[in-house]
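Fold and contact review
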Amino acid sequence: MSFGFDASTGATIWAIIGLLIFLGIIVYFGVPKMVTKAIDGRIAQIEKELAEAEALRAEAKALLADYQTRRENAEKEAEDIVAAAREEAFRLTADAKASLEAMIVRRTKSVEDKIAQAEAQAVSEVRSRSADLAVEAARVLLTQQMAEKGDALVAQAIKDVGDRLN
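Quick summary incoming for the structure in this document.

The rules behind the values
- Residues numbered from 1 in each chain as written.
- Predicted model: local features only at pLDDT ≥ 70, side-chain atom pairs only at ≥ 80, totals over all residues.
- Heavy atoms only, no water.
- Helix = DSSP H or I, 4+ residues; strand = E, 2+ residues; numbered from the N terminus.
- Rg over C-alpha atoms; globule rule 2.2 N^0.38 Å.
- Buried < 20%, exposed > 50% of the residue type's maximum accessible area, 1.4 Å probe, protein only.
- Areas by Shrake-Rupley, 256 points an atom, 1.4 Å probe, with all protein chains shown as cover.
- Lys, Arg positive; Asp, Glu negative; His and termini not counted.
- Charge placed at Lys NZ, Arg CZ, Asp CG, Glu CD.
- Expected span 1.5 Å × (residues − 1).
- Salt bridge = Lys/Arg side-chain N within 4 Å of Asp/Glu carboxyl O.
- Phe/Tyr/Trp six-rings, centres within 6.5 Å; stacked < 30°, edge-to-face > 60°.

This part covers the overall build of the protein chain. Across its full length, the protein chain carries 2 helices and 0 strands. For 166 residues, the compact-globule estimate of 2.2 N^0.38 gives 15 Å, and the C-alpha radius of gyration of the protein chain, at 57 Å, exceeds that figure by more than 25%. The burial tally for the protein chain puts 1% of its 166 residues in the buried class. Only carbon and sulfur atoms are counted for the fraction: they give 64% of the accessible area of the protein chain, which is about 14,900 Å². A gap of 2 Å separates the mean positions of the 22 positive and 27 negative side-chain charges of the protein chain.

So, in structure tokens, the structure goes:
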């Protein structure tokens, strides 16, 4: 049954009929009333939140005034603390200067003692190294002499032993 319409016009008509049926069902079940009720509830909630916000604003103004008073008092107290701190800083600076001078004297003495100790240790090490070098030189010299005159020295030693035994 086309009723003399083409396919797209027929589909459009059936879509409109379906839409009207759908809207009728929505109205029948009271959806507009539910939406209105939900919107009214949301409006009431927003009005309540606005009233709370106004109360909070008034409370915030009171707190701001209180904090400004506290800030002014704190600034006065801070100025007093800064003045006392300056006085203490000058006193501590003088103490620290005296303490630093005493420490410098102690450190200088300590460094001089360490330098003297290091010098003594260096002299001792030089002497020890010199002795080691002398022993090594003697060993090298004896090794060379034994290589050159070893046979003659052995023969002379045997002759000396023989003379002493007779």
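Before going further, it helps to spend a moment on helix α1 (residues 7–28). Spanning 22 residues, α1 covers 31 Å between terminal C-alpha atoms, matching the ideal 32 Å at 1.5 Å per step. Two residues or fewer after α1 comes G30, characterised by a positive phi angle close to 80 degrees.

Our next topic: the pattern of salt bridges. This structure, assessed with the given rule, holds 7 salt bridges. Of the charged contacts in the structure, one is a salt bridge between R91 and E88, with a shortest N-O distance of 2.3 Å. With R91 and E88 both in helix α2 (residues 31–165) and 3 residues apart, the pair spans about one turn of that helix. Judged by its relative accessible area of 41%, R91 is partly exposed.

Our focus in this paragraph is the packing of aromatic side chains. All chains considered together, the criterion is met by 1 aromatic pair. Geometrically, the ring pair formed by Y28 and F29 is edge-to-face, given 5.2 Å between the ring centres and 80 degrees between the ring planes. Grouping residues by exposure puts Y28 and F29 together as exposed.

Another aspect to go through is the environment of E47. Inspection of the secondary structure puts E47 in helix α2. E47 sits 40 residues away from A7 along the chain, and the two C-alpha atoms are 53 Å apart.

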